[in-house]
Each structure stands twice: as structure tokens, then as C-alpha cells.
Amino acid sequence: MTVLVTGARGSIARNVIAQLILAGTPVRAASRNPVAVELPGGALPALVDFTAPETLAPALEGVEKVFLYAAHEGIEHFTAAAEASGVKHVVLLSSAAAQGDDDNPIAKMHRDVERPLEASGLPFTFVRPATFATNALWWAESIRNEHLVRLPYPDSPVNPIHERDIAEVAVTALLGSGHEGKKYLVDGPGHLTQREQVALIGKAIGREITVEELPRAAAERFMPGPLLDMLAGAKAEALGPTAEAVTGRPARTFAQWAVDHAADFR
């Protein structure tokens, strides 16, 4: 069985590729510029551009399963090519926002990818993570240069998910059975505030980091309004199950993520 992994430059896709190779599964790693992607040993590069339908059939030849990084343009080209190629299962990296109303632009963006897959004849699984732990990488430059993080709503609770957990849910669906038609909402293992996230990064790198509250008007210059709204109204309530519900393995904490990514902040 060969798996095509799209969006091969992304952190989730890279973890999916690594886990598939570890499981002994042949992987074809796809991106718009495969020459520029550094791949682990055993993964074969492939050119895929959803807005260029002629790239799809060659990439899908002999492929039984696909990990699909949400293609917000050209999804109709992908579904047609995948059906024609005989793809047996598509695991889509979507978002928890997709369960919301289309009035939310983030929800609409992801549902615009989910709907064509649902309408196609392709067996699918939707992986819908909530807050990515990798969002904290936005703070890396100011931590390295100033030992400081400027945050809107620093005491709002979040429940970040390690990218390896998201990838493990996807790989479990790709390699296992009984996941077709499922929509997995994946939450983090426990709430903490953004201020606590910064403290955990500081602990991981052995350095005290100052948190400075950023007024919303200033934050709106570089953060989308829906994200700020989410932070403003955040409550410490579970959105959904953790990755453990699918993988059977305990979800990784943000403290573990901070240790894993300490080099990014030093």
C-alpha cells in the first residue's frame, strides 16, 4: 500500500511521513516544489498542485490512501483525480472550526474542502484539531531577541495539541480500519493560559520570559479577528476528546511540546 501525503512541507505532514515510514509504509510526499522539501529516508517526492489538474494523475498512480492537507483551491480537481485513480481512503486534515457556522470565515474555509469530499464517492476521515501547539512558534523571535512575549488576552485558557498527536490520529486512520466516514474532533490534554504556556517555554529553555499584555487594537494588525474573538471568549471547557480516543496513547502535554521545541526559542 502506498500513501500520498500532501502538504509535505507542513509540520503535521512531516510527522505523518515519518510515522508512516517507521511503520514500513511506502510514502509519496507531495508539494508544489518537491525539490525544496527535505524528506526522511524512504519517502519519494511528488509534484502536486491542486490548481494544475495535470499534476494529480501521475502523483496518484498506484496510491491507495491519501493524507490531504486542506486544499482550499482545486479540491474538485483532487476528488475527480482520486476517484479516477481508485483511491480507497482520504484522511483530511481539517479544523475543529469546521463544526461551526459558515458565518465564521475559518469554519467556511474548512467546510468548503470537506463538502466536496463528502459529496464524492471517496471514503473519507476528517481529522479536526482545535488549537495547535505550534501556534506558540509565533513567539519565538521575541523570546530569542527580547526574552519577552506580547499577548492579547494572556490569561485566556487554551488547550494546545502537539503536532505529533495530530499526525498519530491521521496515521491511525490511514493504517487502521473502521475510520471511514468518521469526523474526529481532537482537543489537547488539558487547559492552561497563554501566560502559563510562556512559563513552560521558559522552563524548557532555562530562562525567565516576561509577558506583556497587548491591547486588542494592536493585536488586530497581525492576528485575524475570529482568532481574537475566540481568545476573548475562551472558557476552560473541553471541546472534544484527545488523540488518545483514536490512537489509544495518552496525549502529549504542552510542557512536553516546549521541551521538544526548546531549540526554536533559544
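In this text, all values refer to a predicted model and were calculated from it rather than measured experimentally.

Asker: Whenever I open this one, the overall build of the protein chain confuses me. Can you help?
Answerer: Summing up its helical and strand segments, the protein chain has 12 helices and 11 strands in all. In terms of overall dimensions, the protein chain has C-alpha extents of about 55 × 40 × 35 Å along its principal axes. The burial tally for the protein chain puts 51% of its 266 residues in the buried class. Once local pairs closer than 6 in sequence are excluded, the contacts in the protein chain between residues at least 24 apart make up 73%. For the protein chain, the exposed area adds up to about 12300 Å²; of that, 51% sits on carbon and sulfur atoms.

Asker: Explain the nonpolar core to me, please; I cannot follow it from the model alone.
Answerer: Within soluble globular proteins, side chains that are nonpolar generally end up buried alongside one another. Ranked by size, the top nonpolar core spans 28 residues in total, and within it Val-5, Val-16, Leu-20 and Phe-67 carry the most contacts. Broken down by secondary-structure element, the contributors of at least two residues to this core are β1 (3–5), α1 (11–22), β2 (27–31), β5 (89–93), α6 (163–175) and β9 (183–186). Looking at which element gives the most residues to this core, the answer is α6, with seven residues. Setting aside chain neighbours within four positions, we find Leu-20 in contact with Val-3, Val-5, Thr-25, Val-27, Val-171, Leu-174 and Leu-175.

Asker: Honestly, the pattern of salt bridges in this entry has me stumped. Any pointers?
Answerer: Two side chains carrying opposite charge are able to pair once their charged atoms lie near each other. Under the definition given, this model contains 15 salt bridges. Between Asp-49 and Arg-32 there is a salt bridge, with the nearest N and O atoms lying 3.5 Å from each other. Highlighted residues: Asp-49 in the loop between β3 (43–47) and α2 (56–60) and Arg-32 in the loop between β2 and β3, separated in sequence by 17 residues. For Arg-150, the salt bridge is made with Glu-146, and the minimal N-O distance between the two is 2.9 Å. For Arg-150, a relative accessible area of 33% puts it in the partly exposed group.

Asker: Is there a simple way to explain the packing of aromatic side chains in this structure?
Answerer: The description of an aromatic ring pair rests on the distance of the ring centres and on the angle between the ring planes. Applying the stated rule across the entire model yields four aromatic pairs. Note on Phe-124 and Phe-126: the rings are 4.4 Å apart at their centroids and 20 degrees apart in plane angle, and the pair reads as stacked. Exposure remark for Phe-124: the relative accessible area of 13% places this residue in the buried category. Aromatic side chains Phe-254 and Trp-257 sit 5.2 Å apart centroid to centroid with 20 degrees between the ring planes, which places their arrangement in the stacked category. Taken together, the residues span about one helical turn, with Phe-254 and Trp-257 both in helix α11 (residues 254–260) at a distance of three residues. Here Phe-254 matches Trp-257 in class, with each residue buried.

Asker: Would you mind showing me how to read the layout of surface pockets here?
Answerer: With a probe scaled to a water molecule rolled over the atoms, the places where space remains empty come into view. Reported here for the second largest pocket is a volume of approximately 330 Å³. Taken together, 16 residues make up the lining of the second largest pocket; nearest its centre are Arg-32, Phe-50, Tyr-69, Ala-70 and Ala-71. Its residues assigned to classes, the lining of the second largest pocket comprises seven nonpolar, five polar and four charged.

Asker: Looking at this model, I keep getting lost on the pairing of strand β6 (residues 124–129). Mind explaining?
Answerer: Walk down a regular strand and you will see the side chains alternate between the two sheet faces. In terms of burial, β6 is a largely internal element, six of the six residues being buried. What you see with β6 is no split at all: Phe-124, Phe-126 and Arg-128 on one side and Thr-125, Val-127 and Pro-129 on the other are buried throughout. Across four bridges, β5 lies against β6 in parallel orientation. Across the sheet, Leu-93 pairs through a bridge with Val-127, a residue of β6.

Asker: Help me understand unusual backbone geometry, please; the structure alone is not making it clear to me.
Answerer: Here His-147, not a glycine, exhibits a phi torsion of approximately 55 degrees, which is positive. Relative to the elements of secondary structure, His-147 occurs in the loop between α5 (140–146) and β7 (148–151). Classification of His-147 as partly exposed rests on a relative accessible area of 35%. Notably, Tyr-153 is not glycine yet its phi reads approximately 50 degrees, a positive angle. Mapped onto the elements, Tyr-153 comes out in the loop between β7 and β8 (157–158). Tyr-153 sits in the partly exposed class, given a relative accessible area of 23%.

Asker: In this structure, what is going on with the sheet that holds strand β4 (residues 65–69)? I would like to understand it.
Answerer: The strands making up a sheet associate through hydrogen bonds between their backbones, and the pairing can be parallel or antiparallel. Spatially, seven strands are ordered β3-β2-β1-β4-β5-β6-β9 in an open sheet, and the strand pairing comes out parallel. Only two strands of the sheet have a single partner each, and these edge strands are β3 and β9. For this sheet, the mean angle separating the axes of adjacent strands, direction not counted, is 20 degrees. Two elements, β4 and β5, share five bridges in a ladder whose sense is parallel. Paired with Lys-65 across the strands is His-89, a residue of β5. Docked against the sheet, α1 engages β1, β2, β3, β4 and β5, running at close to 155 degrees with respect to β1.

What counts, and where the lines are drawn
- Residues numbered from 1 in each chain as written.
- Predicted model: local features only at pLDDT ≥ 70, side-chain atom pairs only at ≥ 80, totals over all residues.
- Heavy atoms only, no water.
- Helix = DSSP H or I, 4+ residues; strand = E, 2+ residues; numbered from the N terminus.
- Buried < 20%, exposed > 50% of the residue type's maximum accessible area, 1.4 Å probe, protein only.
- Contact = heavy atoms within 4.5 Å.
- Areas by Shrake-Rupley, 256 points an atom, 1.4 Å probe, with all protein chains shown as cover.
- Core = buried A, V, L, I, M, F, W, Y, C linked by side-chain atoms within 4.5 Å.
- Salt bridge = Lys/Arg side-chain N within 4 Å of Asp/Glu carboxyl O.
- Phe/Tyr/Trp six-rings, centres within 6.5 Å; stacked < 30°, edge-to-face > 60°.
- 1 Å grid on protein atoms, 1.4 Å probe; cavity = no way out; pocket = protein on both sides within 12 Å on 5 of 7 lines; lining within 4 Å.
- Points joined across faces, edges and corners; volume = space filled by probe spheres on them.
- Nonpolar A, V, L, I, M, F, W, Y, C, P; charged D, E, K, R; others polar.
- Pairing = 2+ DSSP bridges.
- Axes fitted to C-alpha atoms, helices over the stretch in contact; angles between N-to-C directions.

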